[in-house]
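# Structural features, examined
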Amino acid sequence: MQGSTVDESQTLNYSQTEAAAQEEEHPDLRMFGVVLFLVAESMIFLGLFSAYLIYASVMPQWPPEGTPKLELLLPGVNSIILISSSFVMHRGQSAIKKNDVSGLQFWFGLTALMGAIFLGGQLYEYANLEFGLTTNLFTSCFYVLTGFHGLHVTVGLLLILFVLQRSTRQGHYTSEKHFGVEASELYWHFVDVVWVILFGLVYLL
Amino acid sequence: MTTSAETSLSEQEEKRTWTDYFTFNTDHKVIGIQYLVTSFIFYLIGGALAAGIRTELATPESDFVSPELYNQMFTVHGTVMIFLWIVPAGAGLANYLIPLMIGAKDMAFPRLNAVAFWMIPPGGLLLMASFFVGAPQAGWTSYPPLSLMTGKAGEEIWILSILILGTSSILGAINFLATILKMRMPEMGFFDLPLFCWSMLATAAMILISTPVLAAALIMLSFDLIVDTSFFDPTGGGDPIVYQHMFWFYSHPAVYIMILPFFGAISEILPVHARKPIFGYRAIAFSSLAISFLGLIVWAHHMFSSGTPGWLRMFFMATTMIIAVPTGIKVFGWCATIWGGKIRLNSAMLFGMGFVSAFLIGGLSGVMLASVPFDIHVHDSYFIVAHLHYVLFGGSVLGLFAAIYHWFPKMTGKYLNETWGRIHFVLTFIGLNLTFLPMHQLGLEGMNRRIAIYDAEFQTLNIICTIGSYILAVSTFPFLINLVWSVLKGKKAGANPWKALTLEWQTASPPLIENFEEEPVLWSGPYDYGVDVSEENDQSVQELLSDVKADMS
Ligand code: HEM
Ligand SMILES: [Cu+2]
């Protein structure tokens, strides 16, 4: 009965014109979605970090006796590369905001390169460590934490490469419309911040 | 009921065919029904396992199945009921209702939504497949070191399955949050939101924050299981308590993830069928948020006997008791809502009132368990089983049935049959109490949970439980018959069969593909009852409301 007050002509009108107009009005929520997704991602890392902190505080000695000391030079340099890559990447976004696609490509390309160096450095470090995954609780934590983070760097790198490939299409990214650029950049910053915490916990604590 | 305008429009629109329900469809209504039907199938599987468990427990010896198979049965039963029935069923309801309730055409991310649904069948089938390699035996909690010692293959399959289902749940939550926060029709403020949306807001926030921590725990458990690290294995220097903390950081919120959607549904159903405004709208809305926040800081009440230090037990005892307050506020609000209402005692309302009464019992035993000295005595006994089934079966499942009876006319355009519905309710309610009430006694007398063999002195009560569980098993048949019969031959329901005020009732039943043929009008609050229909246009809402007030006093 509620529907009976509807005037037929009005309804038809609405469905043809206003509906089309509304389609446009629907705001773009994709960035909001990415932020929510990153909240979930942070919670995974927070879970792992908390476990690590509990171990560090309840074990009589941390790292357990006999754990070889970690070398700081290589991971230190690596950290600097990763952190600066965030700033480099941001210039890419600034470029596309001015509709400068080749600027975007340059800065994103550089970021990808720096990310790849980071990953290479990480693998090099793994190859030269004197302990393995199962040596003791600390080393297990070390590999799982850095490995899980490395996985995220890899995903971030793939996202950047994807954006680069897309940017070769004419007019794919414009000053108005560049969700892919924004999303991959936010993800990369996230991966960066996680690294800073991880570095502090595992290498410095 | 349907007008010429409606019919002519729906004829123009593309029609849904049954095959759509088997495809990667992005319509939130299709996805909602996919969730509900899939999870219901898993409910039948989980129910069959429960019947097996109760059959074994009819006698003190282990005679119906071997102890190993018994372990597998209760592990898979718990996992199915939680991760494949109640959680996805709640997500299904939310998918169907949220966009309709807020006047939107679809969810914020329709494709993501479909992806989230399509992770459920593989996750579920994977879990079922574990029976071929020896299903997991460590219970739905999967505590190490037990879970590391009872069959690697089954345990790893369990982990993978939960990771898939958890990811699905997170993706769903992202959608719910974005939709409720950003897709409301422009004139709808937060305090015009139906309470179901508030409860889903709270649920989704909890999912987003807690589920990833479970994923972290399971990743670490996988390493222990497969490559012999020892995060949780004390023999290798690890600490199983860390797993318990991580697990319950998810799984306590998970119990609220399983009940909040149905709190929301009940807050919709009771006012409609009592023809009264909800009592304490804001109190109920905010109590959902309070539960969501407090629910994140009570987890260690599951660990009172895990060597948790005294000061920590004090903290968690206090927070756990505090969380009963927002829960109590809701129960109070519901009782006050139906008090003195013109109650329509149909199946939806019967299940709704059954929900309130059974949940109350579970809530009260919960408060008892919150007290450390009491909990230490009954932890891991049948008292816990009684508690969790009163809240999960008496709460979530009855709430879900209430929701199905209430929204079935919207989803299909047909009423469910009332006679079958009442038979269903009576059998369910008797079965529920017969099965789970004696378990309180069993627990107090010291019968352990998760054990196939028990002391002969407990047999009488166990037989009562088993009979109750068979009644529950039987009770599904009237429901199934009702579903099939009503879809085929049920009485036609119009757009608004219950004369309800939330927006989903402003469109045809079933709704058109993009939900509303005309822009929905927010002409009253969601619960301004007493006003049955929007009569003449020239009568303002104010006038209608004052009519109602005169009518009620
Ligand atoms: C009034 C609020 C509640 C309080 C104070 C409460 C308290 C507790 C406590 C202290 C335990 C641990 C008992 C033990 O293992 O020794 C427990 C177990 C449990 N509760 Fe509640 N609870 C409440 C509501 C709920 C709700 C709403 C649900 C789900 C819908 C729920 C589901 C469970 C489950 C599944 C377990 C058993 C977990 C397991 O060990 O397998 N509870 N509850
Ligand atoms: Cu709990």
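Refer to the structure printed above.
Right, let's walk through the structure included here. (Residues numbered from 1 in each chain as written. Chains lettered and ligands numbered in written order. Predicted model: local features only at pLDDT ≥ 70, side-chain atom pairs only at ≥ 80, totals over all residues. Heavy atoms only, no water.)

### Structural notes on the overall build of chain A
- On a plain count of helices and strands, chain A comes out with 6 helices and 0 strands.
- Counting every position in chain A, which comprises 205 residues, the buried fraction comes to 46%.
- Within chain A, contacts between residues at least 6 apart in sequence are counted, and of these 79% link residues at least 24 apart.
- For chain A, the exposed area adds up to about 10,400 Å²; of that, 64% sits on carbon and sulfur atoms. (Helix = DSSP H or I, 4+ residues; strand = E, 2+ residues; numbered from the N terminus. Buried < 20%, exposed > 50% of the residue type's maximum accessible area, 1.4 Å probe, protein only. Contact = heavy atoms within 4.5 Å. Areas by Shrake-Rupley, 256 points an atom, 1.4 Å probe, with all protein chains shown as cover.)

### A short note on the site of ligand 1
All names here are of chain B.
- The environment of ligand 1 is formed by 22 residues, the closest being Trp140, Asp375, His379, His387 and Arg449.
- Here an oxygen atom of ligand 1 sits 2.5 Å away from a polar atom, N or O, in the side chain of Asp375.
- His379 places a side-chain nitrogen or oxygen 2.6 Å from an oxygen atom of ligand 1.
- At the level of elements, helix H9 (240–274), helix H12 (347–370) and helix H14 (382–412) are the ones that each hand at least two residues to the shell around ligand 1.
- Among the elements that take part in the shell around ligand 1, H12 stands out by supplying 6 residues, more than any other. (Near = heavy atom within 4 Å. Polar contact = N/O pair within 3.5 Å; in protein donor to acceptor, adjacent residues only side chain to side chain.)

### A look at the coordination of the iron atom of ligand 1
Residues and elements named next belong to chain B.
- Among protein residues, the single donor to the iron atom of ligand 1 is His387 (NE2), with a metal-donor distance of 2.1 Å.
- A separation of 4.5 Å is found between the iron atom of ligand 1 and the copper ion (ligand 2).
- Turning to its location among the elements, His387 is positioned in helix H14. (Donors = N, O, S within 2.8 Å, 3.2 Å for Na, K, Ca; no water.)

### What about a nonpolar patch on the surface?
All names here are of chain B.
- Taken together, the side chains of Trp420, Ile423, Val474, Phe477, Ile481 and Trp485 present a nonpolar region at the surface, about 560 Å² in accessible area.
- Of all elements in the fold, only helix H15 (418–445) and helix H16 (459–489) reach the threshold of two or more residues within the nonpolar patch.
- With respect to the helices, strands and loops of the structure, Trp485 is situated in helix H16. (Patch = residues over 30% accessible without salt bridge, like charges linked within 9 Å, V, L, I, M, F, W, Y side chains within 5 Å. Salt bridge = Lys/Arg side-chain N within 4 Å of Asp/Glu carboxyl O.)

### Concerning the pattern of salt bridges
- Summed over all chains, the structure comprises 3 salt bridges over all chains.
- Between Asp28 of chain A and Arg30 of chain A there is a salt bridge; the shortest N-O distance is 3.0 Å.
- A residue is classified by how much of its surface remains accessible, and Asp28 of chain A, at 53% relative accessible area, is exposed.
- Here Lys29 of chain B ties to Asp27 of chain B by a salt bridge, and the two come within 3.3 Å at their closest N and O atoms. In this structure, Lys29 of chain B and Asp27 of chain B share a single accessibility class: buried.

### Observations regarding empty space enclosed by the protein
Residues and elements named next belong to chain B.
- A full pass over the atoms with the stated rule returns 5 cavities of 30 Å³ or more.
- By volume, the largest cavity amounts to about 160 Å³.
- Lining the largest cavity are 20 residues, and of these Val87, Pro88, Ala91, Ser169 and Ile207 sit closest to its centre.
- Listing elements by their share of the lining of the largest cavity, those giving two or more residues are helix H3 (67–101), helix H7 (152–182), helix H8 (195–226) and H9. (1 Å grid on protein atoms, 1.4 Å probe; cavity = no way out; pocket = protein on both sides within 12 Å on 5 of 7 lines; lining within 4 Å. Points joined across faces, edges and corners; volume = space filled by probe spheres on them.)

### Description of the coordination of the copper ion (ligand 2)
- Taken together, His252 of chain B (ND1), His301 of chain B (NE2) and His302 of chain B (NE2) make up the full set of protein donors to the copper ion (ligand 2), lying 1.9 to 2.0 Å away.
- Going along the chain, you hit the donors of the copper ion (ligand 2) in the pattern H-x48-H-H.

### What about the packing of aromatic side chains?
- Per the counting criterion, the structure on display carries 61 aromatic pairs over all chains.
- With a centroid separation of 5.0 Å and an interplanar angle of 85 degrees, the aromatic rings of Phe118 of chain A and Trp195 of chain A are classed as edge-to-face. Separated by 77 residues along the polypeptide, Phe118 of chain A in helix H4 (residues 101–128) and Trp195 of chain A in helix H6 (residues 179–204) bring together distant segments of the chain.
- Under the relative-accessibility criterion, Phe118 of chain A is labelled buried at 0%.
- Of note, Arg30 of chain A hangs over the ring of Phe179 of chain A, and the distance from its end group to the ring centre comes to 4.2 Å.
- Looking at Lys491 of chain B, its charged tip hangs above the ring of Tyr415 of chain B, at a distance of 4.5 Å from the centre. (Phe/Tyr/Trp six-rings, centres within 6.5 Å; stacked < 30°, edge-to-face > 60°. Lys NZ or Arg CZ within 6 Å of the ring centre and 35° of its normal.)

### Some points on the environment of Ala318 of chain B
All names here are of chain B.
- Relative to the elements of secondary structure, Ala318 occurs in helix H11 (residues 310–338).
- On the accessibility criterion, Ala318 (38% relative accessible area) is partly exposed.
- Distance in space between the C-alpha atoms of Ala318 and Ser210 is 21 Å, their sequence separation being 108 residues.

### Brief notes about unusual backbone geometry
- Residue Trp62 of chain A is joined to Pro63 of chain A through a cis peptide bond whose omega torsion reads -10 degrees.
- Structurally, Pro63 of chain A can be placed in the loop between helix H2 (30–58) and helix H3 (73–97).
- Of note, the bond from Pro144 of chain B into Pro145 of chain B is cis; its omega dihedral lies within 30 degrees of zero at 0 degrees.
- Look at Arg275 of chain B: it is not a glycine, yet its phi comes out positive at around 55 degrees.

### A short note on the packing of H8 of chain B against H9 of chain B
Residue and element names in this part refer to chain B.
- Running from amino to carboxyl end, H8 crosses H9 at an angle of 160 degrees, the nearest separation of the two axes being 8 Å. Classed by the angle they form, the pair H8 and H9 counts as roughly antiparallel. Considering how the two elements wind past one another, H8 and H9 form a crossing that is left-handed.
- By residue class, the composition of the contact of H8 with H9 is 25 nonpolar, 6 polar and 1 charged. (Axes fitted to C-alpha atoms, helices over the stretch in contact; angles between N-to-C directions. Parallel < 35°, antiparallel > 145°, perpendicular 65-115°, else oblique. Left-handed = near helix turned anticlockwise from the far one by under 90°. Nonpolar A, V, L, I, M, F, W, Y, C, P; charged D, E, K, R; others polar.)

### Observations concerning the packing of H3 of chain B against H7 of chain B
Residue and element names in this part refer to chain B.
- Relative to each other, H3 and H7 sit at 20 degrees, their axes nearing to 11 Å. When the axes of H3 and H7 are compared, the pair comes out roughly parallel. Crossing of H3 over H7 shows left-handed handedness. Residue-level contacts link Thr79, Phe83, Leu84, Val87, Ala91, Ala94, Asn95 and Ile98 of H3 to Trp158, Ile162, Leu165, Ser169, Phe176, Thr179 and Ile180 of H7.

### A look at the environment of Pro63 of chain A
- Given the relative accessible area of 30%, Pro63 of chain A is considered partly exposed.
- For the pair Pro63 of chain A and Asn136 of chain A, spaced 73 residues apart in sequence, the C-alpha to C-alpha distance is 8.9 Å.

### Things to note about H4 of chain A
All names here are of chain A.
- Over its 28 residues, H4 runs 40 Å from end to end, which matches the ideal 40 Å to within 8%, given 1.5 Å per residue.
- Listed as buried for H4 are Gly103, Leu104, Phe108, Thr111, Ala112, Met114, Gly115, Phe118, Leu119, Gly121, Gln122 and Glu125.
- Its buried side turned inward, H4 meets H3, helix H5 (137–167) and H6. (Expected span 1.5 Å × (residues − 1).)

None of this, on its own, says anything about what the molecule does.
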